[in-house]
Every structure is written in C-alpha cells, then in structure tokens.
Amino acid sequence: MNQKSILILLTIISIVMITSTLTDCDNTRNPSTIQQNDTIPLTRHWESPIPHQEIPEGLSSISAASCGACHQEIYEEWKRSTHAVALQDLQFQAEWKKDSIISCLNCHTPLQNQQAFIVKGFINGDHKTPVKEPNPHFDQALQLESITCATCHVRDGHVIGTIGHTNAPHKTIKDVALLSEQICISCHNVVDELNPVLVCTFETGDEWNNNWAKKAGKTCISCHMPETERPIAAGMDNRRSHVHHFPGSGIPKFQDSKAEGLVSMEIKESRLDDSYAVGDTINYFLEIKNSFAGHAIPTGDPERFFLITFRLQDSRGNTIREETHRIGEHWQWYPVAKKLSDNNLKPLEERTYAFHHKLRKKGLFTLSVAITKHRMTEENAKYHDIFGKYPLSIEVFKKQFKFSIT
Ligand code: HEC
Ligand code: HEC
Ligand code: HEC
Ligand code: HEC
Ligand code: HEC
C-alpha cells in the first residue's frame, strides 16, 4: 500500500483525481452534455450546510458558551464530546490541510453561520473546485465550536426541544421528529460517491435499521445520550434529561485523557489448567458477541478495527507463538473505491476465536489474551503526522494464564 492509498483510508476519502474534463464525476446530467466549467448545483443533503440561523428571541447569541451560562452541566458534558472538537480533530486537520474538500465542513462545522464561504455548486461537479462567495454572516467563534448546541437545537428563530412546556426564557418549539435519531443519521449514515475514487462510507444508520435494537425501541439517543434526572437549567427543578458527552468507542482524542466508552461485547472464555504434561494440547476459546451495540462493531469510519491477540511465552519472555485476528473492513481505493472485505461483528453476531497449541517442552509458560480496539493503524497515523499525539487504541479485554508443563 503506498502513501497515497493510505491517505484515502479515511472517513471520507479525500483524494480527487482531477482530469481536464472531469466527466467521470457522478452528477445528475448526461456526461456527454457537460461543458467545461459548468457549475453543477448542490443536490445531495450533505453537500449543503444547515441554513443560516438567526438568534432566537430571548437570547443574545447561539454559541454553546452562551447556552452554557444557564445549561451549565449539559455544556460541560458537550465540551468533553468529540462533537465539540470535530473541526480541531488532529486527523481532520491533517486531511483538511492536504486537500480541502469544502463539503467536509457540512458535518464537522455544520451551520452556514460557521462557514467562511457560501457554496453555490461545483465546477463540473468536482468537490475540489467549489463555486463560492464570502459569507457576510460568518461567525468564527461559532466555527470553533464544531458540532455545537445550535446544530441540533436552533431552527428558524426557535430553540428546538422535546419537552414543550418549560418556562424557558427563549422562544422554544417542541419538535420530537427533528430531535430523533434522524438527526444523528443525517451525519452518521452517508453512503455516497463523489467520483470513482472518492466515496463516503458511514453506514451506522443502516446497520441500526432492521436489527434487535430498533425493534426494542433503542435508538442512537437512548444508547449514546443516556437518561438522567436533574435540573436542565440553573435553578430549575429536576426533569428527565439526557447526558450530552456522546460516549462511543472510548478511544481518547487527547494525550493523557480518558474517554468514556460504551461496552458492546459480551465475552465468554474457556479456562486453562495450572499444569500440563509434555505432549498435551492447550485449547483456549474466546467467544465474543456484539450484544450491546445497535449496529456493527466497529461502525462508521472504515479505518477502525479490533485485534484479538494470543501470545504464548516462556518464563524468559520469549514468544513461542503469537496469533492475531482482525475485525474490520478492507478497502481498495484505486482504480475505483471498493470494499474488499468486511468482517465487522453485526448486531447479536457471535464469533469464537480459538488458540490450540501442542506443548513440547517443560517449564513455566504464560498465555496472554487481549482484545484491543484501534482508531487507525500506526502507519496511517505516521502518514498524517499525528503518531504519538493521542492514543490510537484501547484495551477492551486482557487476561493472562500462567501454567507449568512437567
Ligand atoms: C438565560 C438562561 C438560558 C439560556 C442562555 C439558554 N437557555 Fe435553554 N432553557 C433555559 C431554561 C430556564 C429552560 C427551562 C428549564 C425547565 O423548565 O426546567 C430552558 C429550556 C431549554 C430546552 C428545553 C426546551 C424543551 O421544550 O424541551 C432546550 C433544548 C434549551 N433550553 C436549549 C438551549 C440552547 C441550545 C441554548 C443556547 C442557544 C439555550 N437553551 C440558552 C434557560 C436558558
Ligand atoms: C452534524 C453532524 C453530526 C450530527 C448531527 C451527529 N453527529 Fe455524532 N459525530 C459527528 C462527527 C463528525 C463525529 C466525529 C468527531 C471527531 O472524531 O472528531 C461524531 C462523533 C460521534 C460519536 C463518537 C464516536 C467515537 O469515536 O467514540 C458518537 C457516539 C456520536 N457521534 C453519536 C451521535 C449521536 C447519538 C447523534 C444524534 C443525537 C449524533 N452523533 C449526531 C457528526 C455528527
Ligand atoms: C443498543 C445501543 C446502541 C444503539 C441503539 C446505537 N449505538 Fe452506537 N454504540 C453502542 C456501543 C455499545 C458502542 C461501543 C462500540 C465499541 O466500542 O465496541 C457504540 C459505538 C458507536 C460509535 C463509535 C464508533 C465505534 O466503532 O465504536 C458511533 C459513532 C455510534 N455508536 C453511533 C451510533 C448512531 C449514529 C446510532 C444510531 C443510528 C447508534 N450508535 C445506535 C451502542 C449503541
Ligand atoms: C448532536 C445533537 C445535539 C447537540 C450537539 C446538543 N444536543 Fe441537546 N439534545 C439533543 C437531543 C437528541 C436531546 C434529547 C431529545 C429527547 O428528548 O429524546 C437533547 C436534549 C437537550 C435538552 C433538554 C433536556 C435533556 O437533557 O433532555 C437541553 C436543555 C439541551 N439538550 C441543551 C443542549 C445544549 C445547551 C447543548 C450544547 C452545549 C446541546 N444540547 C447540544 C441533541 C443535541
Ligand atoms: C456526511 C457527514 C460527513 C462528511 C461530509 C464528512 N464527515 Fe468526517 N465524520 C463524520 C462522522 C459521522 C464521523 C464519526 C464517524 C464515527 O466515529 O464512526 C466523522 C469522523 C471523521 C474523522 C475522525 C475519525 C476518527 O476515527 O477519529 C475524520 C478525520 C474525518 N471525519 C474527516 C473528514 C474529512 C477529511 C471529510 C471531507 C473529505 C469529512 N470528514 C467529511 C461525518 C462526515
């Protein structure tokens, strides 16, 4: 795999091969009728930001910081979420600097107010050549809040809520449909093609559809915004509320920080004895089941993967045998983007990984078993120059068995 193809192993694959006519770009018109420098208008929902929003009556700003003056706890939670740093994200910045595809902003800084330019279309449909004009209402401070409160809560001069009978000091409208899992799916489920080598592949919404979780009434919100009882604004009575730090993979985005993740796997394992005889075979089984995620694991970003590692060592620490299994996707990016394999663990799917080894020598031995979850490979992190800047993986499960062979 060369450096170029590594770059493409991204959430949204950000290399567009520019040709002189670009007639291979996906668009709504017959390629033969496209003239050079034709502006292709925006048609797909993620090509446009959320339209410009005015400040609802009763407020002086739509910034998260200003909401936080009254909704302190929710603000503090949101600040710890990856949503709050979707623009500052080191990998996002690395990709962004290399080839700034302006449409990336529609999910990472989704309000028009947060974007310096208003995009009218793309020359010949190419996302690298937007037709744009400066946005006179660009709010740079709001841009730095990435996926901010107003992304989900402000529309047409109103604060959107789901309670509807509060004494809020701001103009408020109840809209349960807007604040349903559909708002999550609008960003977390896009399978689309910009051109043959530039594709979007987030399928979390589709994975959630038609599985046990949806049937049981478990949505993105019930799992990722758990309910709690508390005052939702300073000085108010307790209400049913939703935690706003959006726990997910649990892989931290910052050095020396911890991220609260959710547990997806149910893990069962066989036992090993304390001692064996030369000639015996050890048989160890690890049974994992995606019992608690309402979608495949990993989900979303195709760069993510799990590793299951078995390592047998002697008393000096020499590795006698090591086996690694990977759960994730493999992609080909050239000449056309194509998923080659996908062994992500589907909802409720279970899989058994076994380690068998015939014992040939006397002594003391250790079998180490680990399940680790990875954001990306070290190779990709080095390519983006972010290696060592935040943890790339976390340990999900770890066990050590010590036994003697006599
Ligand atoms: C001056 C204080 C204040 C500010 C600033 C403020 N809110 Fe509120 N908000 C409240 C109060 C008080 C309530 C009602 C709480 C209650 O009745 O328990 C409320 C209610 C809400 C609700 C629930 C409404 C419903 O019907 O479900 C949402 C959502 C909300 N605010 C979001 C926001 C957002 C987003 C911002 C910033 C753009 C913001 N608020 C700014 C004080 C404020
Ligand atoms: C405007 C687009 C957008 C919306 C709406 C949105 N998300 Fe996200 N979400 C993102 C982006 C972008 C990231 C990644 C940020 C990063 O890693 O820098 C993310 C990250 C996450 C993560 C953390 C993933 C991890 O690494 O652990 C979870 C969980 C999540 N979102 C859940 C939700 C839920 C639940 C909703 C609906 C209530 C939602 N999102 C709505 C764009 C969005
Ligand atoms: C039944 C509970 C449940 C539902 C429903 C659910 N999730 Fe998750 N989600 C999880 C768990 C558990 C994890 C942690 C997976 C892991 O790290 O093993 C997770 C992880 C994630 C991640 C982090 C990426 C990753 O691979 O870990 C994102 C993003 C996410 N979920 C988004 C969503 C969205 C969007 C929806 C709605 C379409 C949704 N989830 C519905 C439980 C749920
Ligand atoms: C990614 C979307 C998203 C973002 C960002 C977001 N919220 Fe929410 N918020 C929701 C959803 C979804 C609900 C709950 C809807 C329901 O009742 O099921 C909610 C509920 C609320 C409520 C009602 C009380 C409660 O806890 O249920 C308040 C108040 C609120 N949010 C304030 C804020 C503030 C302030 C911010 C920014 C600091 C913010 N939200 C950021 C999606 C979001
Ligand atoms: C349709 C909405 C959407 C668009 C457009 C979009 N992203 Fe994202 N991006 C997301 C979501 C959702 C996540 C979180 C995925 C997850 O955790 O499963 C994310 C996460 C990321 C991450 C963090 C990955 C990680 O594991 O930490 C990077 C980097 C990123 N996007 C880069 C980009 C770039 C570069 C572009 C433009 C070429 C782009 N995104 C366009 C929705 C989008």
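What comes next concerns the included structure. All of these numbers come straight from a predicted model, not from anything done at the bench.

The rules behind each value
- Residues numbered from 1 in each chain as written.
- Chains lettered and ligands numbered in written order.
- Predicted model: local features only at pLDDT ≥ 70, side-chain atom pairs only at ≥ 80, totals over all residues.
- Heavy atoms only, no water.
- Helix = DSSP H or I, 4+ residues; strand = E, 2+ residues; numbered from the N terminus.
- Buried < 20%, exposed > 50% of the residue type's maximum accessible area, 1.4 Å probe, protein only.
- Contact = heavy atoms within 4.5 Å.
- Donors = N, O, S within 2.8 Å, 3.2 Å for Na, K, Ca; no water.
- Near = heavy atom within 4 Å.
- Polar contact = N/O pair within 3.5 Å; in protein donor to acceptor, adjacent residues only side chain to side chain.
- Nonpolar A, V, L, I, M, F, W, Y, C, P; charged D, E, K, R; others polar.
- Pairing = 2+ DSSP bridges.
- Phe/Tyr/Trp six-rings, centres within 6.5 Å; stacked < 30°, edge-to-face > 60°.
- Lys NZ or Arg CZ within 6 Å of the ring centre and 35° of its normal.

Regarding the overall build of the chain
On a plain count of helices and strands, the chain comes out with 12 helices and 19 strands. Here the chain, with 406 residues, has 45% of them falling under the buried criterion. Of the contacts formed within the chain by residues at least 6 apart in sequence, a portion of 66% connects residues at least 24 apart.

Let's talk about the coordination of the iron atom of ligand 2
Around the iron atom of ligand 2, the protein supplies His83 (NE2) and His188 (NE2) as donor atoms, at distances of 2.1 Å. Using a relative accessible area of 40% as the deciding quantity, one classes His188 as partly exposed.

What to know about the site of ligand 5
In the region of ligand 5, 22 residues are neighbours, and Glu95, Cys104, Cys107, His108 and Lys253 sit closest. In the environment of ligand 5, a nitrogen atom lies 3.0 Å from a nitrogen or oxygen atom belonging to the side chain of His108. Listed by contribution, the elements that provide at least two residues to the shell around ligand 5 are helix H4 (90–98), helix H5 (105–108) and helix H8 (181–188). Considering only residue class, the shell around ligand 5 consists of 8 nonpolar, 8 polar and 6 charged.

Side note on the sheet that holds strand S6 (residues 172–174)
Pairing within the open sheet is mixed, and its 3 strands lie in the order S4-S5-S6. The open sheet has two edge strands, strand S4 (154–155) and S6, and neither has a second partner. Alignment of S4 against strand S5 (residues 158–161), held across 2 bridges, turns out to be antiparallel. Bridge pairing links Val154 to Val159 in S5.

Section: the packing of aromatic side chains
Under the definition given, this model contains 6 aromatic pairs. Ring plane angle 75° and centroid distance 6.0 Å describe the contact between Tyr284 and Phe310, whose orientation is recorded as edge-to-face. Placement of Tyr284 in strand S13 (residues 281–290) and of Phe310 in strand S14 (residues 305–314) is noted, with a sequence separation of 26 residues between them. In this structure, Tyr284 and Phe310 share a single accessibility class: buried. In textbook terms, an aromatic cluster arises when at least three aromatic residues are bridged by ring pairs, as seen for Tyr284, Phe310, Phe355 and Phe401. The ring of Phe355 carries the charged tip of Arg321 above its face, separated from the ring centre by 5.2 Å. Sitting over the ring of Phe387, Lys382 keeps its end group 4.6 Å from the ring centre.

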